[in-house]
Amino acid sequence: MPDPSSLPFLWGTATASYQIEGAVAEGGRTASIWDTFAHTPHKIERAETGDVACDHYHRYKEDVALIRELGVKAYRFSISWNRILPEGKGKPNPRGVDFYDRLIDALSGAGITPFVTLFHWDLPQTLQDRGGFTDRDIAGWFSEYAARTAMLFGDRVKHWIMLNEPSVFACLGHAMGVHAPGLADPKAFFATTHHLNLAQGMAVKGLRSIDGSFQLGTTLNVQLGVAADDSEASALMAQKHNDLWNDSFLGPLLTGKYPDRVISDIEPFIQPGDLEITRQKIDFLGINHYSRVHIKANPKATLGYEQVAPPAELPRTSFEWEINPAHFRDLLLSVHNRYLCPPIIITENGAYFEDTLSGEDKVHDARRIEFLDGYIHAMLEARESGVDIRGYFIWSMLDNFEWACGYRPTFGIVRVDFDTLKRTRKDSFYWFRDFIKDHP
Ligand code: FCB
């Protein structure tokens, strides 16, 4: 085994389709569940939507030029399923395909490796109307879409990420009702959890047979829950969070098992042979990490608990997310020690801090720089300690539509003025550019 810290390392930055593209009614695109949800009253702060977002659909050349200037060698973006397959399945839409063709070619021309996420939560509405991820047929629909997409772009795209953060999609979208499709139903949540794992496994199998040179992975949000108070109930619920949020996705993929404590809830949806499909040899495991989470028992919540703000003495971002780089290092070590892991890529990490524009075109985001510096060093420490980490992607390249919170949470290293759509490089952009020059 080579020493992981001697292996090549990729620096990158990330975005997602609904959060940046806009142009929701152009080029033959139909609605996704996020269009529907965002246009439902009271779901999104200030009734904002992704209708225009960063207008990346029209400004992708300017954005690729910025990514090139940043000096990263990799860019993670997601494909809008409903732009490629407006009916959710069947014939690809040539105008949707053309947009991604142009984007991928622009990236290649700039020497940037595309990492393509196939599903970053924007399910075609037409498939939601048939049950979405609560319906087992989704595994077939998703793997068909994945295979078609890989055949369309696989001559230039080799790195494929099946899903983005299935735990967030399952939990916030199907148990808490705060993300699309807006359900708060335990049965829907457990069905969705299993069908995400199944769809992912089928897609990996399919893509593997299309091109043996593909580098296949998926992206999990791994965030440890800790009890928010001294009660036994909260301690139990923190454990439940860890089972449902972390191990119900790491387990089926890496070991073919659900955690013992959740199996009875998921069993009704498992058919013989499923766990052989969910367990796949992948080339890399994408990990998104922002913060550990504080869990409090709440018998009224769908799953019996809620996430609360960290205790007052702990440092936090403007999102009330705890800042704790040492925990990030320990988490990476713990995933590495508990699972027989493929190489890890940090596919998202970053922070929302309120930014102010100084003068015409300066954003002095010192707190974001301090955050990134702390987390990147923590990751490098884990790597020095033997965790095989091959890349790190900042979330996010651009300020964007941050789901139920609309445009308020600014995560970008590039500021976007959502009235004029002007891009402004923040200090963190220059900091990251210089950092990666020094750490090739
Ligand atoms: C992650 C999502 C990403 C973005 C960041 C802040 O959960 O994958 O789209 O919202 O959080």
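Scroll up for the structure.
Analysis parameters
- Residues numbered from 1 in each chain as written.
- Predicted model: local features only at pLDDT ≥ 70, side-chain atom pairs only at ≥ 80, totals over all residues.
- Heavy atoms only, no water.
- Helix = DSSP H or I, 4+ residues; strand = E, 2+ residues; numbered from the N terminus.
- Rg over C-alpha atoms; globule rule 2.2 N^0.38 Å.
- Buried < 20%, exposed > 50% of the residue type's maximum accessible area, 1.4 Å probe, protein only.
- Contact = heavy atoms within 4.5 Å.
- Areas by Shrake-Rupley, 256 points an atom, 1.4 Å probe, with all protein chains shown as cover.
- Lys, Arg positive; Asp, Glu negative; His and termini not counted.
- Charge placed at Lys NZ, Arg CZ, Asp CG, Glu CD.
- Pairing = 2+ DSSP bridges.
- Axes fitted to C-alpha atoms, helices over the stretch in contact; angles between N-to-C directions.
- Near = heavy atom within 4 Å.
- Polar contact = N/O pair within 3.5 Å; in protein donor to acceptor, adjacent residues only side chain to side chain.
- Phe/Tyr/Trp six-rings, centres within 6.5 Å; stacked < 30°, edge-to-face > 60°.
- Lys NZ or Arg CZ within 6 Å of the ring centre and 35° of its normal.
- Disulfide = S-S within 2.5 Å.
- Salt bridge = Lys/Arg side-chain N within 4 Å of Asp/Glu carboxyl O.
- Left-handed = near helix turned anticlockwise from the far one by under 90°.
- Nonpolar A, V, L, I, M, F, W, Y, C, P; charged D, E, K, R; others polar.
- 1 Å grid on protein atoms, 1.4 Å probe; cavity = no way out; pocket = protein on both sides within 12 Å on 5 of 7 lines; lining within 4 Å.
- Points joined across faces, edges and corners; volume = space filled by probe spheres on them.

### Describing the overall build of the chain
The helix and strand tally for the chain stands at 15 helices and 15 strands. Since a compact globule built from 440 residues should have a radius of gyration of about 22 Å, the 20 Å found for the chain is in line with a globular shape. Dimensions of the chain along its principal axes, counting C-alpha atoms only, are 55 × 55 × 55 Å. The burial tally for the chain puts 59% of its 440 residues in the buried class. By sequence separation, contacts in the chain at least 24 residues apart represent 76% of the contacts at least 6 residues apart. Accessible area for the chain stands at about 16700 Å²; split by element, carbon and sulfur atoms hold 52% of it. One way to put it: in the chain the 45 positive side-chain charges average out to a point 4 Å from where the 58 negative ones average out.

### Comments concerning the sheet that holds strand β8 (residues 293–297)
Strand order across the open sheet formed by three strands is β6-β8-β9, with mixed pairing between neighbours. The sheet is open, and its two borders are formed by β6 (225–227) and β9 (305–308), each paired with just one other strand. The sheet shows a mean angle of 45° between the axes of neighbouring strands, taken without regard to direction. Note that β8 and β9 share four bridges and pair antiparallel. Opposite His 294, over in β9, you have Val 308 as the bridge partner. Packed on one face of the sheet, helix α10 (residues 232–254) meets β6, β8 and β9 and runs near 125° to β8.

### A word on the site of the ligand
Around the ligand, the neighbouring residues are Gln 19, His 120, Trp 121, Asn 164, Glu 165, Asn 288, Tyr 290, Glu 348, Trp 395, Glu 402, Trp 403 and Phe 411. Separating an oxygen atom of the ligand from a side-chain N or O atom of Gln 19 is a distance of 2.7 Å. Between the ligand and Glu 402, the relevant distance is 2.6 Å, taken from an oxygen atom to a side-chain nitrogen or oxygen of the residue. With the chains in place, 95% of the 290 Å² that the ligand exposes on its own is no longer accessible.

### Observations regarding the packing of aromatic side chains
Evaluation of the coordinates by the stated rule reveals 43 aromatic pairs. Between Trp 431 and Phe 432, the ring centres sit 6.5 Å apart and the planes meet at 25°, which makes this aromatic pair stacked. Across this residue pair, the class does not change: Trp 431 and Phe 432 are buried. Linked through ring pairs, Tyr 18, Trp 34, Phe 37, Trp 121, Phe 401, Trp 403, Tyr 407 and Phe 418 together constitute an aromatic cluster. For Arg 83, the ring lying beneath its charged end belongs to Phe 99, and the centroid distance is 5.9 Å. Cation over ring: Arg 425 sits above Phe 429, and NZ or CZ is 6.0 Å from the ring centre.

### Regarding the side chain of Asp 365
The residue Asp 365 is located in the loop between β12 (362–363) and α14 (366–384) in this model. Judged by relative accessible area, Asp 365 falls into the buried class, the value being 4%. Within the structure, the side chain of Asp 365 is placed 2.6 Å from the side chain of Ser 428, a separation counted as a polar contact. Sequence-distant contacts of Asp 365, defined by excluding residues within four places in its chain, comprise Asp 355, Lys 426, Asp 427 and Ser 428.

### Side note on the state of the cysteines
Under the definition given, this model contains zero disulfides. In this structure Cys 54 is a free cysteine whose sulfur lies 16 Å from that of Cys 405, the closest cysteine sulfur available. Lacking any disulfide linkage, Cys 171 is separated from the closest cysteine sulfur, that of Cys 405, by 15 Å.

### Quick notes on the pattern of salt bridges
One side chain can pair with another of opposite charge once the charged atoms of both are near each other. According to the stated counting rule, one finds 32 salt bridges in the structure shown. Across the pair Asp 55 and Arg 59 runs a salt bridge, and its minimum N-O distance is 2.9 Å. With a closest N to O distance of 2.8 Å, Asp 365 and Arg 368 form a salt bridge. Linked by salt bridges that have partners in common, Asp 355, Asp 365, Arg 368, Asp 399 and Lys 426 make up one network.

### What about the packing of helix α7 (residues 138–153) against helix α9 (residues 186–210)?
The angle between the axes and the distance between the axes are what describe a pair of packed helices. At a closest axis distance of 8 Å, the pairing of α7 and α9 adopts a crossing angle of 30°. Once α7 is placed against α9, the crossing between them reads as right-handed. In this structure, α7 uses Ile 138, Ala 139, Gly 140, Phe 142, Ser 143, Ala 146, Ala 147, Ala 150 and Met 151 to contact α9, whose residues at the interface are His 195, Leu 198, Ala 199, Gln 200, Met 202, Ala 203, Leu 207 and Ile 210. Here the contact of α7 with α9 is built from residues that sort into 13 nonpolar, four polar and no charged.

### Description of empty space enclosed by the protein
Considering all chains together, one arrives at three cavities of 30 Å³ or more under this definition. If you add up the space inside the largest cavity, you get close to 40 Å³. If you go around the largest cavity, the residues you meet are Ser 17, Tyr 18, Glu 21, Gly 22, Val 24, Arg 29, Gly 50, Ser 80, Arg 83 and Asp 122. Broken down by class, the residue content of the lining of the largest cavity amounts to two nonpolar, four polar and four charged. The space that makes up the second largest cavity amounts to roughly 40 Å³. Forming the walls of the second largest cavity are Tyr 290, Thr 317, Trp 321, Glu 322, Gly 350, Ala 351, Tyr 352, Phe 371 and Phe 411. Looking at the lining of the second largest cavity residue by residue, the class counts come to six nonpolar, two polar and one charged.

### Focus on the side chain of Arg 29
Of note, Arg 29 is situated in the loop between α1 (17–20) and α2 (33–38). Residue class for Arg 29 comes out buried when judged on its relative accessible area of 9%. A distance of 3.1 Å separates a polar side-chain atom of Arg 29 from the backbone oxygen of Val 24. The contact partners of Arg 29, leaving out residues within four places of it in the chain, are Tyr 18, Ala 23, Val 24, Asp 35, Ser 80, Asn 82, Arg 83 and Asn 93.

The values reported here are purely geometric and, on their own, carry no functional implication.
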